[in-house]
Each structure stands twice: as structure tokens, then as C-alpha cells.
Amino acid sequence: MLELEQPTVVTDATLARVIEEAGSSLSVTRAAERLVREGWLLPLRTRRSWEFVPASRAGRFGSGDRLIELRALLAHRGDAPVAVAFNSAVWALGYSTHQPTTEVVAHRRGWRPPESLGDLRSVTYDWRLPTWDHDGLPTWTAATVVVAAADRPDVHGDWSNADEWLPETMRVATPEAVCAEAEGRPTAALVRLGYLAEWSGCHDIAARIEGMLPERLPVTYFGSRRRRGRWVKRWRLYDSMLALR
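The following paragraphs examine the structure supplied in this document. (Residues numbered from 1 in each chain as written. Predicted model: local features only at pLDDT ≥ 70, side-chain atom pairs only at ≥ 80, totals over all residues. Heavy atoms only, no water.)

A closer look at the overall build of the chain
Counting its regular elements, the chain contains 11 helices and 11 strands. Over its C-alpha atoms, taken along the principal directions, the chain stretches across nearly 75 × 30 × 30 Å. Expressed as a percentage of its 245 residues, the buried residues of the chain come to 47%. Within the chain, contacts between residues at least 6 apart in sequence are counted, and of these 57% link residues at least 24 apart. Surface summary for the chain: the accessible area is close to 12600 Å², and the carbon and sulfur share equals 49%. Charged side chains in the chain number 32 positive and 31 negative. The centres of these two groups are separated by 8 Å. (Helix = DSSP H or I, 4+ residues; strand = E, 2+ residues; numbered from the N terminus. Buried < 20%, exposed > 50% of the residue type's maximum accessible area, 1.4 Å probe, protein only. Contact = heavy atoms within 4.5 Å. Areas by Shrake-Rupley, 256 points an atom, 1.4 Å probe, with all protein chains shown as cover. Lys, Arg positive; Asp, Glu negative; His and termini not counted. Charge placed at Lys NZ, Arg CZ, Asp CG, Glu CD.)

Right, dumping it as C-alpha cells:
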């Protein structure tokens, strides 16, 4: 039955249903032990969860899915306030050819990631726009990505390849969506966002963000203050991140 359904993650609830449908008297624990022993299931760090191994793999090989533990968590707690985020979302959106070395997820403030997600980088960030479903996982939209990248450039990573992913991601995000996500963010985040929009050639977004800024702007830094940067008068910003690109 599991071979017909081909689930990525099997939970104890899945096994209970399969056992009942098969008319078996096995307990979930015994069934799981037997399936693990026979190579149909691989244990996960998430309790009461296993990765299903279809016969097509011809061995006890995992899928290599680096977000498998997130899938397992959501299989048990579908309302967990967590999403694929930052440069992992860019990769999922298909706007980068550079997969993150470590996958990045974001979670709402006040929620504590379980130990099962220890192989992922989990960052506290309160996004505003709804996520979208990508391959069964809640994933940030392009608008959330560009706002969060401007707000937390220290987290986003992959700035060395910004000319690949940033203009495309910025173009996909509508001005309305970007402004909705940016509303109420710190001035420095908005300044960087406006600058990134201009740098990406999205002058409509840049103009909308400029209209959200106070009349007198403080000096903002994009990148390390210790590195030589380029002064951008319009935004009163020192750019040492993209200046040499």
C-alpha cells in the first residue's frame, strides 16, 4: 500500500491507517520496526516519523532531500509557523543556480524550532505575506524574499551571485506585494530595499519605497562598515556589498 501511495514521509498515523486497511493486528511500533529492518523505512530525527524508501531505489538509500525533517515536522504539526526562506526560497523559486550550503528556514517570533531541524539554519523573522506551496512545503514569495534580504542581509547570503538572482526575483515581485511586506519595517531596511530595487532596474518599486521613507534619512550601511564602499546619494547609503560588482 505504501508502495502504491509513494509518500515521502511516513508518520505513525500513516502506519496506523495502513495497518487498519490491511486488516493486520500488528501494532504501529512493531510494524515500523519490521519495515525499518526490511529497508522500507529510514528513521528520521523527528519522532514517530520515517522516510519511505520505494523499491525503485534498489537499496536502503535516502532521497537526499535536505528538507526531509521539515516535511516530517509539518506532517505532525501542519500549523507550525515555519517556512522555507531567504536564499533557500530563491533556490526553490528557481531564480538561482547556487543551492545554499545549508538550507534556511524562517520561523515566527516566540516559536522554538525542535532539535530535529538542527541541520537547517532556522532564523526568527515575522513575514507578512502568505507563503506559497512549493513541493509540499510553505515557501516565501518573491516579495517576502526581497524585503527580508534587505532587512537581514547578514542572513540571506549569496550576495556574490546577486546579479543572477536579485533582478529576476525583484521583477517577479509586484510593487504592491513588496510594499505590503515592507510596511512598518525599519528605515534602514527600507533604504536598502529601495537601493536594491534601483540596482535591479525595478525603478517602479524603488520609487514606491522612496515614498515610504522619512524626509530626513540617516546614513545606512549595506555590508561591512570596515570595507571600502560606494556612497549612494539618493539613499544616503554606503554599499560595500555590491559596489565592486
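Quick notes on the packing of helix α10 (residues 187–199) against helix α11 (residues 203–210)
Axis angle and axis distance: for two packed helices, these are the angle between their axes and the distance between the axes, and together they describe the pair. Look at α10 against α11: their axes get within 7 Å of each other, and the N-to-C directions meet at 160 degrees. The orientation of α10 relative to α11 falls into the category roughly antiparallel. As for how α10 packs across α11, the hand of that crossing is left-handed. Along its contact with α10, which presents Leu 190, Leu 193, Gly 194, Ala 197 and Glu 198, the element α11 presents His 203, Ile 205, Ala 206 and Ile 209. The class makeup of the residues in the contact of α10 with α11 is 6 nonpolar, 2 polar and 1 charged. (Axes fitted to C-alpha atoms, helices over the stretch in contact; angles between N-to-C directions. Parallel < 35°, antiparallel > 145°, perpendicular 65-115°, else oblique. Left-handed = near helix turned anticlockwise from the far one by under 90°. Nonpolar A, V, L, I, M, F, W, Y, C, P; charged D, E, K, R; others polar.)

Some remarks on the nonpolar core
Of all hydrophobic cores here, the largest spans 49 residues; its most connected members are Phe 86, Trp 140, Trp 159, Met 170, Val 178, Leu 193 and Leu 196. Of all elements in the fold, only α5 (86–93), β5 (104–107), α6 (142–151), α8 (162–172), α9 (175–182), α10 and α11 reach the threshold of two or more residues within this core. If one sorts the elements of this core by residue count, α6 sits on top with 8 residues. Among the nonpolar cores identified, the runner-up in size contains 12 residues, and Leu 73, Ala 80, Val 82 and Leu 117 belong to it. (Core = buried A, V, L, I, M, F, W, Y, C linked by side-chain atoms within 4.5 Å.)

Concerning the pattern of salt bridges
Applying the stated criterion across every chain, the model contains 13 salt bridges. For Glu 21, the salt bridge is made with Arg 17, and the minimal N-O distance between the two is 3.4 Å. Here Glu 21 pairs with Arg 17, and both are found in helix α2 (residues 12–22), just 4 residues apart, close to one helical turn. Look at Arg 17 and you get partly exposed, because its relative accessible area is 31%. Across the pair Arg 152 and Asp 154 runs a salt bridge, and its minimum N-O distance is 3.1 Å. A cluster of three or more residues bridged by salt bridges with shared partners is formed by Asp 65, Arg 71 and Asp 135. (Salt bridge = Lys/Arg side-chain N within 4 Å of Asp/Glu carboxyl O.)

Brief notes about the sheet that holds strand β10 (residues 230–232)
As summarised here, the arrangement of the 3 strands in space is β9-β11-β10, forming an open sheet in which the pairing is mixed. A strand with exactly one partner marks an edge of an open sheet, and here the two such strands are β9 (220–222) and β10. Across this sheet, the average inter-strand angle for adjacent strands is 25 degrees, counted without regard to direction. Sitting on the sheet, α10 is in contact with β9, β10 and β11 (237–239), with an inclination near 55 degrees to β9. (Pairing = 2+ DSSP bridges.)

Notes on the packing of aromatic side chains
Across all of its chains, the model carries 10 aromatic pairs by this definition. Centre to centre, the rings of Trp 159 and Trp 165 are 5.4 Å apart; their planes meet at 50 degrees, and the pair counts as tilted. Pair check on accessibility: Trp 159 and Trp 165 agree, each one buried. Among the aromatic residues, ring-to-ring pairing joins Phe 86, Tyr 125, Trp 127 and Trp 140 into one connected group. In this structure, Arg 108 is placed above the aromatic ring of Trp 127, and the distance from its NZ or CZ to the ring centre is 3.8 Å. (Phe/Tyr/Trp six-rings, centres within 6.5 Å; stacked < 30°, edge-to-face > 60°. Lys NZ or Arg CZ within 6 Å of the ring centre and 35° of its normal.)

A look at the environment of Ala 197
Tracing the sequence through the fold places Ala 197 in helix α10. Along the sequence, Ala 197 and Ala 207 sit 10 residues apart, while their C-alpha atoms lie 8.9 Å from each other. When residues no more than four places from it in sequence are discounted, the contact partners of Ala 197 are Met 170, Cys 202, Ile 205 and Ala 206.

Things to note about the packing of α5 against α6
With their axes 10 Å apart at the nearest point, α5 and α6 run at an angle of 150 degrees to one another. Crossing geometry of α5 relative to α6 is assigned as left-handed. Two secondary-structure elements touch here, α5 through Phe 86, Ala 89, Val 90 and Leu 93 and α6 through Ala 142, Val 145, Ala 148 and Ala 149. Within the contact of α5 with α6, the residues separate by chemical class into 8 nonpolar, no polar and no charged.

Keep in mind these numbers describe shape, not what the thing actually does.
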